[in-house]
Amino acid sequence: MDAAAEETIDVREQSLTEVRPGPARLPRQQPGTAAGGRGRLASFLVPLLVSTALGLWGISRHDTMWRDESVTYQVAHRSVFDLVGLLDSADAVHGLYYLLMHALFGVWEGGLLTLRIPSVLATAVSAGCVGLVACRLAGVRAGLLSGVVFCVLPEVQMYAQEGRSYALVCAFVAFATYVLARALTGASRPLWAVYGAALLLACWLHEFAVLALLGHGAAVAHASVSRAVRRAWTAAAAVVVAAVAPLAVFSMGQSAQVSWIGSPKPGEWLEIAAVAVLALLCARRLSKHRAPALPHGPLLRRLALPLALAPTAALLLASLHEPVYVDRYVLYVNVGLALLVGAAADAVLADPRTSFPPRTRVGRRIALSTLIGGLVLALLPVTLQMRTPDSRKDDLAAIAEAVERVSGRGDGLVFTPARRREWKLSYAESYDGLADLALKRSPEASGTLQGEEHSAPEIRRRMLSATRIVVLSDPPDQPEDAVGQELTKREVLRHHFERCARTRVKGAQVTLYARPGACGPPS
């Protein structure tokens, strides 16, 4: 139990009864007050277990993956030498994550389960850390609410079952946030090295984790702490920035890889605005909540609000120069959002001016369970949808099935754009017997993600030598690449072939082209 809670005496109760000589009795711990050891354990374990259960539920997603997960799967199965060679030309920002996944697949070849289980566990740790932060700053009930809110947020559920680095980044940021909360509310000197190491690992997993420093710095600037504490945080932050700077500079040379990023669409702007409004409303509610037994309560608002908003705002500002905003790059903003929502819900439950807070322990537990259950049920449609292939940008298994239906042995195969060759790599057996007309060297041989293609004239020659070509392309609403090879592919198809059949599946088009009069079954 914190010192502030130990000094809280129920004066009203003492005035009605005769107090015998001896040590003063401490009041019974209430759900919304500062936490003891059991409260902290519950605030960590309950969200962790809820998150683990949600993460394992439907983890196979109908035994399919999408293209980014396929990249992870393919790169992790390369040799260390080939993997390091790849990072020299592509995906350096994900290098540490690929090495970790390579090591994991080396000891456990579990397919999709091996691919996704690190994200499940990382999200569970994140949920536990969110619970601990809220518990330390706002009490046990706030810890439970914040942790569970984090578990059920749609974006968190999505990347909890994703074979990419973002959940791991979020876990390290969440842990660093907990360490920071401890450092700002107690003895801090031994904690700064732990804080810096956690945040540095997050940045090495994805460099945009450095934007968490914006939220943390705002909390330090507004916290009631000594200059020594502020200097210690500044030193830790400087070390993190200096250590991640070489990776950031090197990865800038690979910026062409993210040229596909565009400005946020109207739906994304609506989502960004909704999150910001929700965060601000919760922060406003917390600013009106005063709990004498929770002296660190205001720190939660000062820590969570900038963490929820600042990283997204920074990416949007940077996008004025060149689009770089993708929601998963700053997945950890959900840590701040969950803290705000959970603590605000706790403040509503604890407010004596409302008619809601029950007076009995059983009533409080029923109210808390009802609140959590209602939140879970409200998000159930989204929760179910997240466990289907339709929740991702494409469905590699469905694409492979479509190719099998329209193709015949000896047909040509063309990917436009070339980076969509990733659709084939993890489902290669469905493409057996097809000739990849544009491919010059395989991904492994060329040290690239999707292989090296022939020059435009050679692609033209090879396409014209084919009678039938199966073309895999983006949906019609996507922009077309204007490089020479892609222009040649489209020009040859337009002038020398006719479209025989087209199948649209999630995130892709599978089209069979043939020479005039050759649209029938292959001979």
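Below: a short report on this structure. Residue numbers here run from 1 along each chain, matching the order of that chain's written sequence. Only residues with pLDDT of at least 70 get local features here, since the model is predicted, and only at 80 or more are side-chain atom pairs given and counted; chain-wide, interface and lining totals rely on the full set of residues. Side-chain numbers come from the whole structure's heavy atoms, not from hydrogens or water.

Focus: the pairing of strand β7 (residues 508–514)
Of all seven residues making up β7, seven are buried, and the element is well covered by its neighbours. Burial along β7 is two-sided: Ala-508, Val-510, Leu-512 and Ala-514 facing one way and Gln-509, Thr-511 and Tyr-513 facing the other are all buried. Relative to β7, strand β5 (residues 468–473) runs antiparallel, the two sharing six bridges. Looking at the pairing, Ile-469 lines up with Tyr-513 of β7. With seven bridges connecting them, strand β6 (residues 498–505) and β7 associate as antiparallel partners. Considered in β7, the bridge of Glu-498 is made with Ala-514. For two strands to count as paired, DSSP must find a minimum of two bridges between them. By the criteria applied, helices consist of DSSP H or I runs no shorter than four residues and strands consist of E runs no shorter than two, each listed in order from the N terminus. The antiparallel hairpin formed by β6 and β7 contains two residues in its connecting segment, where Gly-507 sits at a positive phi of about 80 degrees. The rule is simple: take the accessible area with a 1.4 Å probe, protein chains only, and divide by the maximum for that residue type; under 20% is buried, over 50% is exposed, in between is partly exposed.

Some points on the packing of aromatic side chains
Centres within 6.5 Å make a pair out of two Phe, Tyr or Trp rings, where for Trp the six-membered ring is used; the pair is then stacked when the planes are under 30 degrees apart, edge-to-face when over 60, and tilted otherwise. A full pass over the atoms with the stated rule returns seven aromatic pairs. Seen from their ring centres, Tyr-73 and Phe-105 are 5.5 Å apart, and the 85 degrees between their planes marks the pair as edge-to-face. With Tyr-73 in helix α4 (residues 67–76) and Phe-105 in helix α6 (residues 95–107), this residue pair connects regions lying 32 residues apart in the sequence. Residue classification places Tyr-73 among the partly exposed positions, given a relative accessible area of 22%. The class for Phe-105 is buried, based on a relative accessible area of 6%. On the basis of an interplanar angle of 40 degrees and a centroid distance of 6.5 Å, the ring pair of Phe-415 and Tyr-431 is categorised as tilted. Of this pair, Phe-415 sits in strand β1 (residues 412–416) while Tyr-431 sits in the loop between α20 (422–425) and β2 (435–436), and the two are 16 residues apart along the sequence.

Some details on a negative patch on the surface
The grouping of Glu-401, Glu-404, Glu-429 and Asp-432 at the surface amounts to a negative patch. When you line up the elements, Asp-432 lands in the loop between α20 and β2. Residues enter a patch when their relative accessible area is above 30% and they make no salt bridge; the linking distance is 9 Å between like charges and 5 Å between nonpolar side chains (Val, Leu, Ile, Met, Phe, Trp, Tyr). The accessible surface values rely on the Shrake-Rupley method and a 1.4 Å probe; as for residues, cover is taken only from the protein chains in view. What makes a salt bridge here is a side-chain nitrogen of Lys or Arg within 4 Å of a carboxyl oxygen of Asp or Glu, nothing more. Here the positive residues are Lys and Arg and the negative ones are Asp and Glu; neither His nor the chain ends is included. Lys charges are placed at NZ, Arg charges at CZ, Asp charges at CG and Glu charges at CD.

Notes on a nonpolar patch on the surface
Taken together, Trp-57, Leu-377, Leu-380 and Leu-384 make up a surface patch of nonpolar side chains, about 390 Å² in accessible area. Note that Leu-377 resides in helix α17 (residues 361–378). Note on Leu-377: relative accessible area 60%, which makes it exposed.

Remarks on the state of the cysteines
Pairs of cysteine sulfur atoms within 2.5 Å are what we label disulfides. This structure, assessed with the given rule, holds one disulfide. Between the sulfur of Cys-500 and that of Cys-519 lies a disulfide, 1.9 Å long from S to S. A torsion of -80 degrees about the S-S bond marks the disulfide between Cys-500 and Cys-519 as left-handed. You can see Cys-500 sitting in strand β6 and its partner Cys-519 sitting in the segment after β7, a full 19 residues away along the chain. Overall, Cys-500 belongs to the partly exposed group, its relative accessible area being 26%.

Brief notes about unusual backbone geometry
Generally, phi is negative for residues other than glycine and the peptide bonds are trans, each holding for most cases. Here the bond from Thr-416 into Pro-417 is cis, since omega is 5 degrees, no more than 30 degrees from zero. Positive phi outside glycine occurs at Asp-63, with the angle close to 60 degrees. Position of Asp-63 among the secondary structure elements: in the loop between α3 (37–56) and α4. Judged by its relative accessible area of 55%, Asp-63 falls in the exposed class. Residue Asp-91 is not a glycine yet carries a positive backbone phi of 60 degrees.

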